[in-house]
Amino acid sequence: MSYKTILVHVDESSRSDIRVRIASELAKNEEAHLIGSAVTGVSRFIYQDGNISASDPNLAIHLKFLRERAEKAIIGFKNVARELGVNSYESMISNDEAGGGIGLLARYSDLVVLGQTNRDEPSPSILSDFPEYIVMNSGRPALIIPYAGDFTSVAKRPLISWDASRESTRAVTDAIPLLKRADLVQVALFNPSSKPDAHGEQPGADIALFLARHGIKVEVSVHKTSTDIGNAILSLSHDLDSDMLVMGGYGHSRFREMIMGGVTRTILESMTIPVFMSH
């Protein structure tokens, strides 16, 4: 198992080059084809429905501005990919908003790299729930890069948050190409006694054996916490000096987490390291 196509979302934000650099290094390691995609921010359904009139001069100016902004982001992508020596790459501009455009392209990729929502740097082409939308709707794993911090390595010291759920299983399986390259993989279980049937007599033993059969070096730790598990995961990742978190996304319904809070919501809002997430 390996990644053969990696998609990275590029835009005008200050963090776009960091995403491209991370995606480029992954593409080189995996000998994968890298796609850099920018979006104009205008939903494709508006074009399809015929609701845009080319005769409107003000609208034409605005659409030209959106296109030029996307083209500028693509130039930045090409410069970084060329600088880092990516062997196979291409770029494209999608006449769509980010969720629709990147979500569709992600279905033809093995991994999509995108950025955490930064509410202090809003973009007219990206809705605030963009990462959540991709995780929930693309059918592909997402590597989400925080909007703050410098990352000299990704997936050398990953931390897996394991709860034996379907979503967690999907995330670990999707991350295997990265985990196989890691120096050491830490697997953390929080309050496993709450799911005795799923974890078995020795919590963590089964997932450790599964990973070991893939040639992955693993250490397992079990933690009890009465506080929010999302914050406990972030605290542990700091203590272990982890450089990537692997976890399932939205074990509960997305609506419930939006209203009541949850691990996924906490991580997406407060992440300090790149997060590899699948649903």
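Let me begin by describing the structure that accompanies this report.

Rules used throughout
Residues numbered from 1 in each chain as written. Predicted model: local features only at pLDDT ≥ 70, side-chain atom pairs only at ≥ 80, totals over all residues. Heavy atoms only, no water. Helix = DSSP H or I, 4+ residues; strand = E, 2+ residues; numbered from the N terminus. Contact = heavy atoms within 4.5 Å. Areas by Shrake-Rupley, 256 points an atom, 1.4 Å probe, with all protein chains shown as cover. Buried < 20%, exposed > 50% of the residue type's maximum accessible area, 1.4 Å probe, protein only. Pairing = 2+ DSSP bridges. Right-handed = clockwise from strand over helix to strand, strands pointing away. Axes fitted to C-alpha atoms, helices over the stretch in contact; angles between N-to-C directions. Left-handed = near helix turned anticlockwise from the far one by under 90°. Nonpolar A, V, L, I, M, F, W, Y, C, P; charged D, E, K, R; others polar. Arc of directions from axis to C-beta. Core = buried A, V, L, I, M, F, W, Y, C linked by side-chain atoms within 4.5 Å. Salt bridge = Lys/Arg side-chain N within 4 Å of Asp/Glu carboxyl O. Phe/Tyr/Trp six-rings, centres within 6.5 Å; stacked < 30°, edge-to-face > 60°. Polar contact = N/O pair within 3.5 Å; in protein donor to acceptor, adjacent residues only side chain to side chain.

### Remarks on the overall build of the chain
Here comes step 1: When helices and strands are counted, the chain shows 12 helices and 10 strands.
Here comes step 2: Taking the intrachain contacts of the chain between residues at least 6 apart in sequence as the baseline, contacts between residues at least 24 apart amount to 81%.
Here comes step 3: As presented, the chain carries roughly 13,600 Å² of accessible surface, and 51% of it is formed by carbon and sulfur atoms.

### Some remarks on the pairing of strand S2 (residues 33-39)
Here comes step 1: Taking burial as the measure, the 7 residues of S2 include 6 buried ones, the bulk of the element.
Here comes step 2: Pairing of strand S1 (residues 5-9) with S2 involves 5 bridges; the strand directions are parallel. If you follow Ile6 over to S2, its bridge partner there is Leu34.
Here comes step 3: Since S1 and S2 lie parallel, the crossover through helix H1 (residues 16-30) that links them has a hand, and here it is right-handed.
Here comes step 4: With 6 bridges joining them, S2 and strand S3 (residues 89-94) adopt parallel strand pairing. Counted as the bridge partner of Ala38 is Ile93 from S3.

### Focus: the packing of helix H4 (residues 98-106) against helix H5 (residues 130-137)
Here comes step 1: Following both chains from N to C, one finds H4 and H5 inclined at 35°, their axes separated by 10 Å at the closest point. Relative to H5, the crossing made by H4 is right-handed. Two secondary-structure elements touch here, H4 through Ala98, Gly99, Gly100, Ile102 and Gly103 and H5 through Phe130, Tyr133 and Ile134.
Here comes step 2: Residues of the contact of H4 with H5, tallied by class, amount to 5 nonpolar, 3 polar and no charged.

### Quick look at the sheet that holds strand S7 (residues 185-190)
Here comes step 1: Strands sit in the order S3-S2-S1-S4-S5-S10-S9-S6-S7-S8 across an open sheet of 10 strands; the sheet is mixed. Each edge of the open sheet carries a strand with a single partner, namely S3 and strand S8 (218-223). Averaged over all pairs of adjacent strands, the angle between their axes in this sheet comes to 20°, without regard to strand direction.
Here comes step 2: Relative to the sheet, H5 contacts S1, strand S4 (111-115), strand S5 (142-145) and strand S10 (275-278), its axis offset from that of S4 by approximately 165°.

### Considering helix H9 (residues 205-212)
Given 3.6 residues per turn, any residue in an α-helix points the same way as the ones three and four places further on.
Here comes step 1: Of the residues making up H9, those classed as buried are Ile207, Ala208 and Leu211. Each buried residue of H9 lies within a common arc of 100° when the element is viewed along its axis, so the set occupies one face.

### Details of the nonpolar core
Here comes step 1: Counting 44 residues, the largest nonpolar core has Ile6, Leu143, Ile160, Leu179 and Phe276 as the members making the most contacts within it.
Here comes step 2: In terms of nonpolar packing, the next biggest core, distinct from the first, is built from 30 residues, Ala142, Ile233, Ile267 and Met271 among them.

### A few points about the pattern of salt bridges
Here comes step 1: Evaluated as defined, the whole model comprises 11 salt bridges.
Here comes step 2: Residue Arg157 is joined to Asp241 by a salt bridge in which the shortest nitrogen-to-oxygen separation is 3.7 Å. Here the residue Arg157 occupies a position in the loop between S5 and strand S6 (158-161), and Asp241 occupies one in the loop between helix H10 (229-239) and strand S9 (244-248), the gap between them amounting to 84 residues.
Here comes step 3: Look at Arg157 and you get partly exposed, because its relative accessible area is 33%.
Here comes step 4: Two residues, Arg265 and Glu269, come together in a salt bridge whose shortest N-O distance is 3.3 Å. Taken together, the residues Arg265 and Glu269, both in helix H12 (residues 263-270) and 4 residues apart, mark about one turn of the helix.
Here comes step 5: Accessibility expressed as a relative area gives 31% for Arg265, which makes it partly exposed.

### A closer look at the packing of aromatic side chains
Here comes step 1: Considering all chains together, one arrives at 1 aromatic pair under this definition.
Here comes step 2: Between Phe77 and Tyr89, the ring centres sit 6.0 Å apart and the planes meet at 80°, which makes this aromatic pair edge-to-face. Placement of the pair is Phe77 in helix H3 (residues 57-83) and Tyr89 in strand S3, with a sequence separation of 12 residues.

### Quick notes on the environment of Leu7
Here comes step 1: Tracing the chain through its elements places Leu7 in strand S1.
Here comes step 2: Residue Leu7 is classed as buried on the basis of its relative accessible area of 0%.
Here comes step 3: Between the alpha carbons of Leu7 and Arg107 there is a distance of 9.8 Å; along the sequence they are 100 residues apart.
Here comes step 4: Those residues in contact with Leu7, other than ones at most four positions away along the chain, are Ile35, Ser37, Ile102, Leu105, Ala106, Ser109, Leu111, Val112 and Val113.

### Describing the side chain of Asp96
Here comes step 1: Structurally, Asp96 can be placed in the loop between S3 and H4.
Here comes step 2: Using a relative accessible area of 2% as the deciding quantity, one classes Asp96 as buried.
Here comes step 3: A polar contact of 3.4 Å, which involves the side chain of Asp96, links it to the backbone nitrogen of Gly101.

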